[in-house]
Protein chains: 2
Amino acid sequence: MAWFYEHYRDTSAVGIHTTGKLHEERSAFQAIEVLETKGHGRLLTLDGMVMLTELDEFVYHDLLTHVPLCAHADPKQVLVVGGGDGGTVREVLKHASVERVVQCEIDERVTRVCQEYIPSVAGFLDDPRVELVFEDAVAYVKRHPNTFDAILVDSTEPIGPAAALFGEPFFRDLDAALRPGGVISSQSESPFYAPEVIQGLFGAVRRVFPEVHGYYGVIPTYPGGGWVFCMASHSRSPGDLDLDRAAALSTRYFSPAVAQGAFMLPSFVRELVTAGDAQA
Amino acid sequence: MAWFYEHYRDTSAVGIHTTGKLHEERSAFQAIEVLETKGHGRLLTLDGMVMLTELDEFVYHDLLTHVPLCAHADPKQVLVVGGGDGGTVREVLKHASVERVVQCEIDERVTRVCQEYIPSVAGFLDDPRVELVFEDAVAYVKRHPNTFDAILVDSTEPIGPAAALFGEPFFRDLDAALRPGGVISSQSESPFYAPEVIQGLFGAVRRVFPEVHGYYGVIPTYPGGGWVFCMASHSRSPGDLDLDRAAALSTRYFSPAVAQGAFMLPSFVRELVTAGDAQA
């Protein structure tokens, strides 16, 4: 083993020094690999794309989880769409109000591999509040109207099995699956390398929800580092984030300062996430 | 040509798809290359390290320049330490109050190469307010006490010629070169891959200046993407940033929102930049 590279859209690449392969398999959905690295802890890839490293996964999971949960008044029922590595569930469980978190992942093998090889991330899935569901989240969401206080879309890139998770029909189903006062979050890629993904996602979300807000963080092992997230709701906005709850969480990235600052977007990112305004 | 890779500390790498080499030379100080790329415009490397690409240089130059200049009450005399590519000077010139900006770069060849091959960045150096000095900034600063309102340290990595630009003696000289009310900024590397550089720099600055503040941005082609900057002063703090001036600037990254949000640091970054507090 030497260097793992993810080449992104034939334009940029991220490299990670690897020291060994712990696991590889081809599931019904994708190629799954777990690699040992020199400076990043363990590395999970799906179809050759970096899903997480132990060095920096906390950034992604903090932002996807704690922003919407702190924006909700009292989140009890939470759905994680995708997120088979268990990292988002780990963060959801830090919220004392949460009574149940459903992780709906299409590929059970991702979860089982992470439970075996990356317990720092997947080692919290046996909590009694966790319900594991292995099926297409698109179908699951349709069957559960008016059920969840927060839905966190922890998807892969909008190609292959995850493509549907970026479209307006899916967000309409998410809206129906929310209880009153509900909030959703979604990851939405790099403003440098995938600006059209961001514009498309925010445009779709804005046709469903009146409150749509972009926020931004840095995940070194994702292409471009900078990563945009979307929070949407009928009633909750960034000003509703409970900073006392944010301060009480044990987190390495998220904090009351981040809860406010992450929404203060660079100009070119703000233009991308508000481009849908004109279309609406 | 195919892919250019910068391998960082034998741990991570950044890759850029290149399509041709426009220039290469070995100056008295370093190897200088300008490459054409597929998705990043032109790429400048020094000793094989990415200095800038036309795709994302605006992030770095906006943060290094506009944060301290908007924090100063009325910046007239500005010194850029290093910054031979001219991008920082380009941004300084956007401030109407500035009467003179000195770019003190040790390697004249960097500037001349950029003037020839990267005019989008270096094409503003013939402005009558600009004074080009080609010498070691350490010596230049010592000879110019009580001269500048703002000093922007646009250095390379703290190895080779730039190592002195990260130490306490240099910051003492910068302090002496400032006029009353002066402000400095410095780039200080990735919190994921070079945390000890950040701790060292902030510790050194804090032993000289009472107001020392970290801020954070995303530069995709730098190792780790996330990049920490330092602003320091005897009298000016983030609360002094003039948001009206920030709003009036024509910039793609910087904005009044960024002027506030960039200082709202992730918890693990705040720990790094305040580690020096205990040592002080």
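Scoring rules and cut-offs
Residues numbered from 1 in each chain as written. Chains lettered and ligands numbered in written order. Predicted model: local features only at pLDDT ≥ 70, side-chain atom pairs only at ≥ 80, totals over all residues. Heavy atoms only, no water. Buried < 20%, exposed > 50% of the residue type's maximum accessible area, 1.4 Å probe, protein only. Helix = DSSP H or I, 4+ residues; strand = E, 2+ residues; numbered from the N terminus. Pairing = 2+ DSSP bridges. UniProt positions renumbered as here; feature names shortened; annotations may be inferred. Least-squares fit on C-alpha atoms with pLDDT ≥ 70 in both. Contact = heavy atoms within 4.5 Å. Buried area = accessible area lost by both parts, 1.4 Å probe. Salt bridge = Lys/Arg side-chain N within 4 Å of Asp/Glu carboxyl O. Polar contact = N/O pair within 3.5 Å; in protein donor to acceptor, adjacent residues only side chain to side chain. Domains from an automatic or database assignment. Disulfide = S-S within 2.5 Å. Arc of directions from axis to C-beta. Phe/Tyr/Trp six-rings, centres within 6.5 Å; stacked < 30°, edge-to-face > 60°. Lys NZ or Arg CZ within 6 Å of the ring centre and 35° of its normal. Axes fitted to C-alpha atoms, helices over the stretch in contact; angles between N-to-C directions.

## Things to note about the pairing of strand 12 (residues 226–233) of chain A
Residues and elements named next belong to chain A. Across the eight residues that make up strand 12, a large majority, eight, are buried. Of the two faces of strand 12, the one lined by Gly226, Val228, Cys230 and Ala232 and the one lined by Trp227, Phe229, Met231 and Ser233 are each fully buried. In this sheet, strand 12 lies alongside strand 10 (residues 178–187) in antiparallel orientation, the contact comprising five bridges. Following the sheet pairing, isoleucine 184 is matched in strand 12 by alanine 232. Pairing between strand 11 (residues 211–218) and strand 12: eight bridges, direction antiparallel. Residue pairing in the sheet places histidine 213 in a bridge with methionine 231 of strand 12.

## Notes on the UniProt feature "binding site: S-methyl-5'-thioadenosine" (unreviewed entry) in chain A
Per the UniProt annotation, the sites labelled "binding site: S-methyl-5'-thioadenosine" (unreviewed entry) are A:Gln30, A:Glu105, A:Asp136, A:Ala137 and A:Pro161. Mapped onto the fold, A:Gln30 is located in the loop between strand 2 (12–26) and strand 3 (31–37).

## Regarding the relation of the copies chain A and chain B
Rotating chain A by 180° and translating it 0.0 Å along the rotation axis places it on chain B, where the RMSD comes to 0.0 Å. Expressed as an axis order, the relation between the two copies is that of a two-fold axis.

## Remarks on the interface of chain A and chain B
Think of interface size as the accessible area that goes away when the parts come together; that is how it is often given. In this assembly, 42 residues from chain A lie in contact with 41 residues from chain B. Carbon and sulfur atoms supply 63% of the area that chain A and chain B bury against each other, a total of about 3100 Å² over both sides. Scanning the region where chain A abuts chain B turns up two salt bridges. Between A:Asp10 and B:Lys38 there is a salt bridge, with the nearest N and O atoms lying 2.5 Å from each other. In this structure, the connection of chain A to chain B is made through 18 residue pairs in polar contact (both at pLDDT 80 or more). Every element with two or more residues in the side of chain A that touches chain B is listed here: strand 1 (3–8), strand 2, helix 1 (57–71), strand 11, helix 9 (256–261) and helix 10 (267–279) of chain A. Looking at the side of chain A that touches chain B, the element that brings in the most residues is strand 2 of chain A, giving six residues. Two elements, strand 2 of chain A and strand 2 (residues 12–26) of chain B, share five bridges in a ladder whose sense is antiparallel.

## Structural notes on the domain arrangement of chain A
All names here are of chain A. The domain architecture assigned to chain A consists of domain 1 (2–53) and domain 2 (57–279). Domain 1 and domain 2 are separated by 23 Å when their C-alpha centres are compared. Contact residues are listed per partner, giving 24 residues for domain 1 and 24 residues for domain 2. Interface of domain 1 and domain 2: buried area, both sides summed, is about 2200 Å²; carbon and sulfur atoms make up 67% of it. Broken down residue by residue, the surface that domain 1 buries against domain 2 is led by Tyr8, Phe29 and Leu52, which jointly contribute 26%.

## Brief notes about the state of the cysteines
Applying the stated criterion across every chain, the model contains zero disulfides over all chains. Among the cysteines around A:Cys104, which has no disulfide bond, A:Cys114 carries the closest sulfur, lying 16 Å off.

## Structural notes on the pattern of salt bridges
Considering all chains together, one arrives at 38 salt bridges over all chains under this definition. Residue B:Glu36 pairs with B:Arg42 through a salt bridge whose shortest N-O separation is 3.0 Å. With a shortest N-O distance of 2.4 Å, B:Asp74 and B:Lys76 are connected by a salt bridge. Judged by its relative accessible area of 27%, B:Lys76 is partly exposed. Among the ionic contacts, a cluster of salt bridges with common partners joins A:Glu57, A:Arg90, A:Glu91 and A:Lys94.

## Looking at helix 3 (residues 108–117) of chain A
Residue and element names in this part refer to chain A. Of the residues making up helix 3, those classed as buried are Val110, Thr111, Val113, Cys114 and Tyr117. Seen end-on, helix 3 carries its buried residues on one side only, within an arc spanning 165°. Among the structural elements, strand 2, strand 3, strand 4 (42–46), strand 7 (100–104), helix 4 (119–122) and strand 8 (130–133) are those in contact with the buried residues of helix 3.

## Some details on the pairing of strand 5 (residues 49–53) of chain B
Put simply, side chains in a regular strand alternate between the two faces of the sheet. Residue and element names in this part refer to chain B. Burial runs high along strand 5: five of the five residues are buried. Inspection of the sheet shows strand 4 (residues 42–46) paired to strand 5 by four bridges, in the antiparallel sense. The residue of strand 5 that forms the bridge with leucine 43 is threonine 53. The hairpin formed by strand 4 and strand 5 contains two residues between the paired strands, and aspartate 47 there has a positive phi angle of roughly 50°.

## Some remarks on the packing of aromatic side chains
Scanning all chains against the criterion turns up 27 aromatic pairs over all chains. Considering the side-chain rings of A:Phe192 and B:Phe58, the 6.1 Å spacing of their centres and the 45° angle between planes classify their relative orientation as tilted. Of the two residues, A:Phe192 sits in the loop between strand 10 and helix 7 (195–206) while B:Phe58 sits in helix 1 (residues 57–71), which places them in two different chains. Exposure class is identical for A:Phe192 and B:Phe58. Each is buried. Each member of the aromatic cluster is reached from another via a ring pair, and the members are A:Tyr60, A:Tyr215, A:Tyr222, A:Trp227, A:Phe229 and A:Phe263. The positively charged end of A:Arg252 is found above the aromatic ring belonging to A:Phe58, 4.1 Å away from the centroid.

## Observations regarding the sheet that holds strand 9 (residues 148–154) of chain B
Pairing between the strands of a sheet comes from backbone hydrogen bonds, and it takes one of two forms, parallel or antiparallel. All names here are of chain B. In spatial order, the strands read 8-7-6-9-10-12-11; together these seven strands make up an open sheet with mixed pairing. Each edge of the sheet is formed by a strand with only one pairing partner; in this case those strands are strand 8 (130–133) and strand 11 (211–218). Each strand axis lies, on average, 15° off the axis of its neighbour in the sheet, ignoring direction. In the packing of helix 7 (residues 195–206) onto the sheet, contacts are made with strand 10 (178–187), strand 11 and strand 12 (226–233), and the angle to strand 12 comes to roughly 5°.

## Considering the environment of A:Glu36
Mapped onto the elements, A:Glu36 comes out in strand 3. Apart from residues no more than four positions distant in its own chain, A:Glu36 is found in contact with A:Thr18, A:Thr19, A:Gly20, A:Leu22, A:Gly41 and A:Arg42.

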